Amino acid sequence: MKGMFHKTSLQSTTKWKVSNFLFLTFFSVCSFAFLQCSEREPDEGNINSVTDVPWTGDPKTIPLLMLGKNPLASERAEKGGRIRIYAHQFPKSLNYYLDQFSTTARIFTSLFEPLTSYHPVTLETIPHLAKDWKISPDKKRFTFYLDQNAKWSDGKPVTADDVLFTYQTIMNPENQTASFRIALSRFSPPVKEGEFQVTFEAKEVHWNNFNDIASSIFILPKHYYEGKDFNKENFEFPIVSGPYRIVEAKKGRYVKLERRGDWWQRAYPFNKGRHNFDQVIYKVYNEEPVALAAFKKGDIDIYPVYTASIWVEQAQGEQFDKNWIAKQRIYNLKPVGFQGWAMNTRREIFKDRRVREAMACLVNRPQMIEKLAFGEYDPTDSYYPDYYLGGEKNPNQPVVFDIEKARRLLTEAGWKPNAEGILEKDGAPFRFTILDRDKRTERYFTVFLEKAKELGIQASIETTDLAAWSARVDKYDFDMTWAAWGSGVFKDPEAQWYSKYADEPSQHNLPGIKIPAVDSLIEKQKSEFNLDKRNSIVKEIDKLVFKEYPYVLLWHLTNTRLLYWRKFGIPEYPLGKYGDESFSTDYWWFDSEGSKNLENNIKSKSSLPSYESVIRWK
């Protein structure tokens, strides 16, 4: 997601908001058993019109970089209306510190804010909760000066105490925040220099130290969370600082956000044309065909397409023929991640590299892409495939479908057929279970299982709901499972491949891979501030990891497929330079005149004007 599902770190999600999702998006994995939502929610028709509270601050206190125009926002944007977005999963938590999935990220980052943000085109650092900052010459000391205009939704100021509390919450080993402790562990506890001034000091130099604290952690209100069990703070966030608040969340059905007319940054010129919808609803459907039917009926406004068959075969009909619904393929510079089947090297059966390579040899990717995915995807032969989208040659040797090679590799690894033709080693059969959480993916596994059976492998699929899947993956309680990960403009391989995190619960090294040479390169890239040189190191890491086959790599998509009813105002570039479908909630707006035109055309059965079906960032 998103390939299938995205699980991400908050660091990457921060960058995902403008550029960098580890995006994802894991684009791109949520939870709770999903209830079918085939009828319009009874209260959906009620859109509370949000009245903006006059801003009474001093314009001279607005940071200089926030006085300019946002190049991606439209001058034509207007406030009001709602947008309903298809979400194919309901998170087990809306607290992104506890549940790192894309839907959670989109909601959480609408409620809470970082110290700094990224310019949506140049990626330069711009103010957010912090109006200014200083970095010491040795790049180890970072001082932030909080914007004294920043207020929580209850009117209390955002202070240095909130920053310190957020750090303490993440670093508390009793909290399920392990993946975020990787970056923050490089810092000593922050020091309060004044009510609105805080300093972080790094224990070691790292190219990403500034971003890891400035734009990758979202500040929490100390006065609300102090004394509470943070692991139980999942769905209700009564005190926020961001442009939206949650007004209702029905598990398995939808999450409804409402724009805050008193958001502290509402008068900052850089935000003009952003956060336009009075209401944003994430609607969950447990079956994609049901979701598509609801979308065609008008119960969903925007539908990002993650499944090729939906795009190719089912996104058609009168609504499309008469241009009431836009069907757009959008190309921009959104980083591309990878998806594949993670093999758990903590389990004896997948410890041997030859066994893992054999599993990859049993997957006929060209056939799957052509027959099951309508030729929509490109095979993935790197854990950082966007390095090679511009024509640079990928040094990794693609894995080719080859049953005999798989047989040979398994034999070399000591697996031999018994009298019944079942592979055995030391008297134990070659048997494993694929942990799945989505019925849609079973057809891909089924093709693989047929080939595995030919070699005498006993494999089965266990499908759980996403909550159970997430809980088990966090404990590495699986043999093989499907995972999809986003990427980022600025690659940081530490969380995903460093050996020291392989056995710590809830980390991103799902296969549990441990490669000393990769660890050395990860250490080397930490102090490399030159992006080109750092990318070269990450490419070396990629080559080493690729040869160990921790995943059966599958395929990726280099564009975003989007369906939406034509009742919205949209900037020149619908998804910006680095964005995905989440860009719509930040920059689109409800076009009342366009909505009336759409309604009239539907009544008269007439067509709307044509539109661009393919859009590219220029």
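Above: the structure in question.
Residues numbered from 1 in each chain as written. Predicted model: local features only at pLDDT ≥ 70, side-chain atom pairs only at ≥ 80, totals over all residues. Heavy atoms only, no water.

1. Considerations on the overall build of the protein
This is how it is decided: Runs of H or I in DSSP of at least four residues are treated as helices and runs of E of at least two as strands, each being numbered from the N terminus. To get the radius of gyration, use the C-alpha atoms; to get the globule rule, take the number of residues to the power 0.38 and multiply by 2.2 Å. Exposure is judged per residue with a 1.4 Å probe applied to protein chains only, and the accessible area is read against the type maximum: over 50% gives exposed, under 20% gives buried, and values in between give partly exposed. We get accessible surface area from the Shrake-Rupley algorithm with a probe of 1.4 Å; when it comes to residues, only the shown protein chains can shield them. Charge convention: Lys and Arg are scored as positive, Asp and Glu as negative, and His as well as the terminal groups of each chain are ignored. The atom standing in for a charge is NZ when the residue is Lys, CZ when it is Arg, CG when it is Asp and CD when it is Glu.
Each helix and strand counted, the protein has 19 helices and 26 strands in total. Since a compact globule built from 618 residues should have a radius of gyration of about 25 Å, the 24 Å found for the protein is in line with a globular shape. In terms of its C-alpha atoms, the protein occupies a principal-axis envelope of roughly 80 × 65 × 45 Å. In the protein, buried positions account for 61% of the 618 residues. Only carbon and sulfur atoms are counted for the fraction: they give 48% of the accessible area of the protein, which is about 23600 Å². Here the protein contributes 86 positive and 82 negative side-chain charges, whose respective centroids are spaced 2 Å apart.

2. Points about the pairing of strand β13 (residues 338–343)
We count it as follows: Strands are treated as partners if at least two bridges between them are detected by DSSP.
Counting buried positions along β13 yields six of six residues, so the element is predominantly enclosed. Sheet topology places β13 next to strand β21 (residues 551–553); three bridges connect them, and they run antiparallel. Residue pairing across strands places A342 opposite Y551, the latter belonging to β21.

3. Section: unusual backbone geometry
One non-glycine residue, H275, adopts positive backbone phi at about 50°. Inspection of the secondary structure assignment puts H275 in the loop between β9 (254–259) and β10 (279–284). By relative accessible area, H275 is classed as buried at 8%.

4. Digging into the sheet that holds β13
Selection rule: Only the stretch in contact is used when a helix axis is fitted, and all axes are lines through C-alpha atoms; the angle between N-to-C directions ranges over 0 to 180 degrees.
Ordered by their spatial adjacency, five strands build an open sheet running β19-β18-β20-β13-β21, and the pairing between neighbours is mixed. On the outer flanks of this sheet lie β19 (458–463) and β21, each paired with one strand and no other. Strand-to-strand twist across the sheet, computed as the mean angle between neighbouring axes with direction ignored, equals 30°. In this sheet, strand β20 (residues 480–485) lies alongside strand β18 (residues 431–436) in parallel orientation, the contact comprising two bridges. Bridge pairing in β20 links I434 to M480.

5. Things to note about helix α3 (residues 160–171)
Using the following cut-off: What a helix is expected to span follows from its residue count: subtract one and scale by 1.5 Å. Two residues qualify as a contact provided that any one of their heavy atoms is within 4.5 Å of a heavy atom in the partner residue.
End to end, α3 covers 17 Å across twelve residues, agreeing with the expected 16 Å (1.5 Å per residue, within 8%). Burial runs high along α3: nine of the twelve residues are buried. Listed as buried for α3 are A160, D162, V163, L164, F165, T166, Y167, T169 and I170. Looking at the packing, one finds that the buried side of α3 touches β5 (141–146), α4 (178–184), β6 (191–194), β7 (197–201) and α6 (222–225).

6. A word on the packing of helix α10 (residues 353–361) against helix α12 (residues 403–412)
Under the convention used in this document: Any angle that is under 35 degrees is reported as roughly parallel, and any over 145 degrees as roughly antiparallel; angles of 65 to 115 degrees are reported as roughly perpendicular and all others as oblique. Definitions for this section: a left-handed crossing has its near helix turned counterclockwise from the far helix by less than a right angle. A right-handed crossing has that turn clockwise. Classes in brief: Ala, Val, Leu, Ile, Met, Phe, Trp, Tyr, Cys and Pro nonpolar; Asp, Glu, Lys and Arg charged; the others, Gly included, polar.
Contact pair α10 / α12: the axes reach a minimum separation of 8 Å and the direction vectors enclose 165°. Here α10 lies roughly antiparallel to α12, going by the angle between them. The chirality of how α10 crosses α12 is left-handed. Residues R354, V355, E357, A358, M359 and C361 of α10 pack against I403, K405, A406, L409, L410 and E412 of α12. Taken together, the residues that form the contact of α10 with α12 break down as eight nonpolar, no polar and four charged.

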